[in-house]
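Take a look at the letters that make up each chain.
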There are 2 protein chains.
Amino acid sequence: MKLQSQASLMILALLIWSSQVWAQEKVDLEMMYRIKSEGIGNSQIQNLSFHLTDFLGPRLSGSTNLRNARAWSMEKFQEWGLSNVTVDSYGEFGRGWNVKKSYIAMKEPYYAQIIGYPKAWTDGTKGLVDAEVMLLEITSEADFDKYKGNLKGKVVMTPANLQVSPAFEAEARRWTDEELEDRKSISIGGGGGRYTPEMLAQLRAQRALDQKLTEFLLNEEVGLRITGTRGSFGTVFHTRSGSYSTDKKPTTPEIEIAAEHYGRIYRLIKNGKPVKIEAEVQVEWLDDDYNGYNVLAEIPGTDKSLKSEIVMLGAHLDSWHAGTGGNDNAAGVAVMMEAIRILKTLGVQPKRTIRIALWGEEEQGLHGSRGYVQKYVADRNTKEKKAEWDKISAYYNLDNGSGKIRGIYVEGNDMVVPIFEKWFEPFHELGANTVTRRNTGSTDHVPFEAVGIPGFQFIQDPIDYGKGYHTNMDVYERMQLSDMTQAAVIIAALVYNTAQRDEKLPRKPWN
Amino acid sequence: MKLQSQASLMILALLIWSSQVWAQEKVDLEMMYRIKSEGIGNSQIQNLSFHLTDFLGPRLSGSTNLRNARAWSMEKFQEWGLSNVTVDSYGEFGRGWNVKKSYIAMKEPYYAQIIGYPKAWTDGTKGLVDAEVMLLEITSEADFDKYKGNLKGKVVMTPANLQVSPAFEAEARRWTDEELEDRKSISIGGGGGRYTPEMLAQLRAQRALDQKLTEFLLNEEVGLRITGTRGSFGTVFHTRSGSYSTDKKPTTPEIEIAAEHYGRIYRLIKNGKPVKIEAEVQVEWLDDDYNGYNVLAEIPGTDKSLKSEIVMLGAHLDSWHAGTGGNDNAAGVAVMMEAIRILKTLGVQPKRTIRIALWGEEEQGLHGSRGYVQKYVADRNTKEKKAEWDKISAYYNLDNGSGKIRGIYVEGNDMVVPIFEKWFEPFHELGANTVTRRNTGSTDHVPFEAVGIPGFQFIQDPIDYGKGYHTNMDVYERMQLSDMTQAAVIIAALVYNTAQRDEKLPRKPWN
């Protein structure tokens, strides 16, 4: 008897609880249907993807192409009838830089082409460099003396430990149900950082030596520095960039080359065979505008009391410079543009304002989104809240390639879990049903999260992302167009639901 | 009773049969041990691999590098004390060709580097080509009129259907026991060829049109032709080559470019955005020696009645020109050189003569091995037998990359199966134990097989071979050095066993 009545009470409680959830999270299934129909039936993903990659080209922060990308996206937003289409500066970024020519080949012991790209914001060469490669083996400042006076006009390289191994794992995968379930679990960290104090001291010493080497090479008037990179089979990862700062001094021209080509030159020299390189880099500096920018556009809210509130979605418009930034992040931009196009095309009259942001200068430290948050939302250091802090319900971001959405990271926000579980229901059959409390970092939702605004990234299938992003081969072909069509539909739906919800999404406490 | 006596008879028969096999195939286990010790303990594989790839460079048939490779390998053979080290011409091959410079980039709508390689034996450009790309959409000769008079100095391309898909399968694999077992099974063909008569007619018509297009482009004085290739992520497969024939007429310069870069140019043009290319190709023709050559060297036989008989091992020294021919076929050459070095170092006194052959001009149609067979072994057309037909016991070839040997293809020769099963026994723990009756084609054992000489290729683990061979990225890094060490040991053992065997290896009937 007692057991029975306990069970009855539990069932009653469950019914009340679930009806409350259901009452709160009413999903407009007709709208979900309309979003799917427009998104799948009239997808603009292919067209947007082509324009963002092939048509606009690489969109390095500060480059002419990124300026063109801003103009192009604004035109699109205007064409679609969005409101308040603006390009908004958050402050200074730095100098613009375009590659005008890049060529590198081995000339001796025999002619061989080299796959290589000028390091971002490097200076150009003084015409065609045609010189022997000097392998600099430097473990302390004293080693500089070995080379002093002998490097003028030469090509230099330093040893690097580039591992190129066969790929026994497939480069493209789809998460299995089991793996997705596993992604829900959270392990509590602790137990110390990645680095011991000794390792940190060693890293700092290496960095200091690297900096001294950089100065030394410049003083020696070295003709060109070549650097090996991660990647294989012709794929070249960008290792690091030069300086775009407005007080930038000249630097040694630097080309990042394919691991195999680096390896070949290294081995030849170590085996006593001199190597000669011919190379030319021409660059162009832009000093007419040092500002960084975001592109913004809106579907205005229509509810008297809620239209001042905002649901944001966004992705970064900038990319690295040797590919065309396909998966990183033309994919995210195309999906977010498509999501707002779907909503606009359907003529939705959202209660809250829907605002899309195409961020600038993400790759150099989330500058666009950080700048926006600092300008409009809150100061993460002083904890000063600004006008939009109280207004933004949520920010949705996409920046893990073009793979299908399989779920969402809620950054430990327990309160939104039942909401997203409900909102994902109409998309289970499209493969998206995992709500994980896990965090994910390194992109434009982070500045929002940092000031207490719910910011979300999505779990995406890892298709060509790990192998291709930040490389010369992050191009149109990397983008999975049908996966992106799915992603745009789901994001349009979540954005709509967030705009229509009675309350803003629940927040984690922040001051 | 009856059953018992039958069983006894069977056991007796089995004992007699197996003792015969054992008697015949006595394996000198001490020698097997010594071969393993030298091959694994003092492996020269790394050094040979470095020299064949990085040091010598690409070894295109007729090129300066291939000439250097012949000289280098002869030096090595002499250094090791091999006998009768010779470079042996089988007749005329064609013109030599070296790339002296190659550069290609997109100049408009924005500057972008292009990964591309001159087609083998293409002519160079007339200085720097700087011109718009014309997309030629030609389905019949009549379409030529659309372009006539408008192509002078231009860059041209034709549409191509290049599929670039994510890799859901790993590029590198090791055969499982199950797969190896499966490789023993043979399916009897029949049921018609791959092509229907209609398909063949269509292929012929397309080829005829292609040839007319080639002439048309030459007459129009096109500046450069660009061709898309198979491959992705910066790996470029060679599609086809130009002509090395000694009566060769000039051709339109042609560069084969990465599928993604081809795709970008194609999509831009199809979307109405003009594309400008700048490119330069400088080549050098060698007309001082049109002959093709093989390099030969020996450990002379010591048995009075058997020393005139020969066991051959070999691999092709030539490669394609954009990589350094690592897996195809520096790997095979290094393994075969190492196998004979092991035997020579151990001071073996083989009954039969052991002869290594480094073939030339394999990639253009097995010219080196075909030429050798025609000159010394037999004429496959007239069936005329020559001096060595009766002398060669077996030819061992390696040309499927650098993956570990897992077994051998015996080309349907049932008679050698128990022999190889016995010979592989000491190598089971090194992963090699599969003797399959299957055929494998397309390399230098084929000319031997074609005139009735037992010719063998090996089952090798497919590590980076399918993705890398015939590409710009077939380089040193593709070579699996420890796998090659295993292969050299096994081949040294098989060659030794073949040299010591009482009889030549059994042959399939030929005339």
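Residues numbered from 1 in each chain as written. Chains lettered and ligands numbered in written order. Predicted model: local features only at pLDDT ≥ 70, side-chain atom pairs only at ≥ 80, totals over all residues. Heavy atoms only, no water.

Note on the copies: chain A fits chain B at an RMSD of 0.0 Å, the axial shift is 0.0 Å, and the rotation between them is 180°. This pairing of chains is accounted for by a two-fold axis. Comparing interface residues between copies, 100% of those in chain A also sit at the interface in chain B, which points to an isologous, same-surface contact. (Least-squares fit on C-alpha atoms with pLDDT ≥ 70 in both. Contact = heavy atoms within 4.5 Å.)

Right, let's get into helix α10 (residues 367-377) of chain B. Burial in α10 of chain B covers these residues: G368, S369, G371, Y372, V373 and V377 of chain B. For α10 of chain B, the secondary structure elements touched by its buried residues are β1 (83-92), β10 (291-299), β11 (310-316), β12 (353-359), β13 (392-397) and α12 (446-450) of chain B. (Buried < 20%, exposed > 50% of the residue type's maximum accessible area, 1.4 Å probe, protein only. Helix = DSSP H or I, 4+ residues; strand = E, 2+ residues; numbered from the N terminus.)

Looking now at the packing of helix α3 (residues 45-55) of chain B against helix α9 (residues 326-345) of chain B. Two numbers describe a pair of packed helices, the interaxial angle and the distance between the axes. Residue and element names in this part refer to chain B. Close contact between α3 and α9 brings their axes to 9 Å; oriented N to C, the two are set at 135°. With respect to α9, the element α3 is oriented oblique. In this structure, α3 meets α9 at a crossing whose hand is right-handed. Contact residues: I45, L48, S49, L52 and T53 in α3; G326, A330, V333, A334, V335, M337 and E338 in α9. Taken together, the residues of the contact of α3 with α9 break down into eight nonpolar, three polar and one charged. (Axes fitted to C-alpha atoms, helices over the stretch in contact; angles between N-to-C directions. Parallel < 35°, antiparallel > 145°, perpendicular 65-115°, else oblique. Left-handed = near helix turned anticlockwise from the far one by under 90°. Nonpolar A, V, L, I, M, F, W, Y, C, P; charged D, E, K, R; others polar.)

This part is about the UniProt feature "domain: Peptidase M28" (unreviewed entry) in chain A. UniProt records the feature "domain: Peptidase M28" (unreviewed entry) at residues 294-494 of chain A, using the numbering of this structure. Taken end to end, residues 294-494 of chain A is 31% helix and 20% strand, and its two terminal C-alpha atoms sit 23 Å from one another. (UniProt positions renumbered as here; feature names shortened; annotations may be inferred.)

Scanning all chains against the criterion turns up seven cavities of 30 Å³ or more. Taken as a whole, the largest cavity holds about 210 Å³ of empty space. If you go around the largest cavity, you meet 18 residues; those closest to its centre are I104, Q113 and I114 of chain A together with Q113 and I114 of chain B. Elements supplying a minimum of two residues to the lining of the largest cavity: β2 (96-108) and β4 (116-118) of chain A together with β2 (96-108) and β4 (116-118) of chain B. The element best represented in the lining of the largest cavity is β2 of chain B, accounting for four residues. (1 Å grid on protein atoms, 1.4 Å probe; cavity = no way out; pocket = protein on both sides within 12 Å on 5 of 7 lines; lining within 4 Å. Points joined across faces, edges and corners; volume = space filled by probe spheres on them.)

Turning our eyes to something else, we now look at the pattern of salt bridges. The full count for this structure, using the stated rule, is 66 salt bridges over all chains. Between D461 of chain B and R174 of chain B there is a salt bridge, with its nearest N and O atoms 2.7 Å apart. Note that D461 of chain B is positioned in the loop between β16 (455-460) and α13 (465-468) and R174 of chain B in the loop between β6 (155-157) and α6 (177-182), a separation of 287 residues in sequence. For R174 of chain B, a relative accessible area of 34% translates into the label partly exposed. Connected via shared salt-bridge partners are R174, R406, D461 and D483 of chain A. (Salt bridge = Lys/Arg side-chain N within 4 Å of Asp/Glu carboxyl O.)

Here we come to unusual backbone geometry. The omega torsion of the bond from D328 of chain A to N329 of chain A falls at 5°, within 30 degrees of zero and hence cis. Structurally, N329 of chain A can be placed in helix α9 (residues 326-345). For E411 of chain B, which is not a glycine, the phi torsion comes out positive at approximately 55°. Tracing the backbone through its elements, the reader meets E411 of chain B in the loop between β14 (405-409) and α11 (417-424).

A few words now on the interface of chain A and chain B. With 57 residues of chain A at the contact, the number on the chain B side is 57 residues. For the pair chain A and chain B, the summed buried surface comes to about 4,700 Å²; carbon and sulfur atoms form 60% of the total. Inspection of the chain A/chain B interface yields six salt bridges. Viewed at the interface, chain B and chain A are joined by 20 residue pairs in polar contact (both at pLDDT 80 or more). For the side of chain A that touches chain B, the secondary-structure elements that each account for two or more residues are α3 (45-55), β2, β4, α8 (259-270) and α13 (465-468) of chain A. With seven residues, α8 of chain A is the single largest residue contributor to the side of chain A that touches chain B. Across the side of chain A that touches chain B, the residue classes break down as 24 nonpolar, 17 polar and 16 charged. (Buried area = accessible area lost by both parts, 1.4 Å probe. Polar contact = N/O pair within 3.5 Å; in protein donor to acceptor, adjacent residues only side chain to side chain.)

This part covers a nonpolar patch on the surface. Residues and elements named next belong to chain A. A grouping of Y195, M199, L200 and L203 is seen on the molecular surface, where their side chains present a nonpolar patch of about 320 Å² in accessible area. Locating L203 in the fold gives a position in helix α7 (residues 197-219). Judged by relative accessible area, L203 falls into the partly exposed class, the value being 34%. (Patch = residues over 30% accessible without salt bridge, like charges linked within 9 Å, V, L, I, M, F, W, Y side chains within 5 Å. Areas by Shrake-Rupley, 256 points an atom, 1.4 Å probe, with all protein chains shown as cover.)

Turning our attention to the pairing of β16 of chain B. Residue and element names in this part refer to chain B. Extensive coverage of β16 is indicated by the burial of six of its six residues. As paired elements, β14 and β16 share four bridges and run antiparallel to each other. Note that in β16 the partner of G407 across the bridge is I459. (Pairing = 2+ DSSP bridges.)

Looking now at the domain arrangement of chain A. Residue and element names in this part refer to chain A. Looking at chain A, the domain boundaries give domain 1 (26-93 + 290-500) and domain 2 (98-183 + 194-283). Distance between the C-alpha centres of domain 1 and domain 2: 34 Å. The interface is formed by 32 residues belonging to domain 1 together with 24 residues belonging to domain 2. Per-residue buried area on domain 1 facing domain 2 is highest for H321, K467 and N472; these three make up 22% of the total on that side. Linking domain 1 with domain 2 are two salt bridges. Taken together, the connections running from domain 1 to domain 2 amount to 16 residue pairs in polar contact (both at pLDDT 80 or more). Here the residues of the side of domain 1 that touches domain 2 sort into eleven nonpolar, 13 polar and eight charged. (Domains from an automatic or database assignment.)

This part covers the side chain of T252 of chain A. Among the structural elements, T252 of chain A can be located in the loop between β7 (224-228) and β8 (254-257). Note on T252 of chain A: relative accessible area 10%, which makes it buried.

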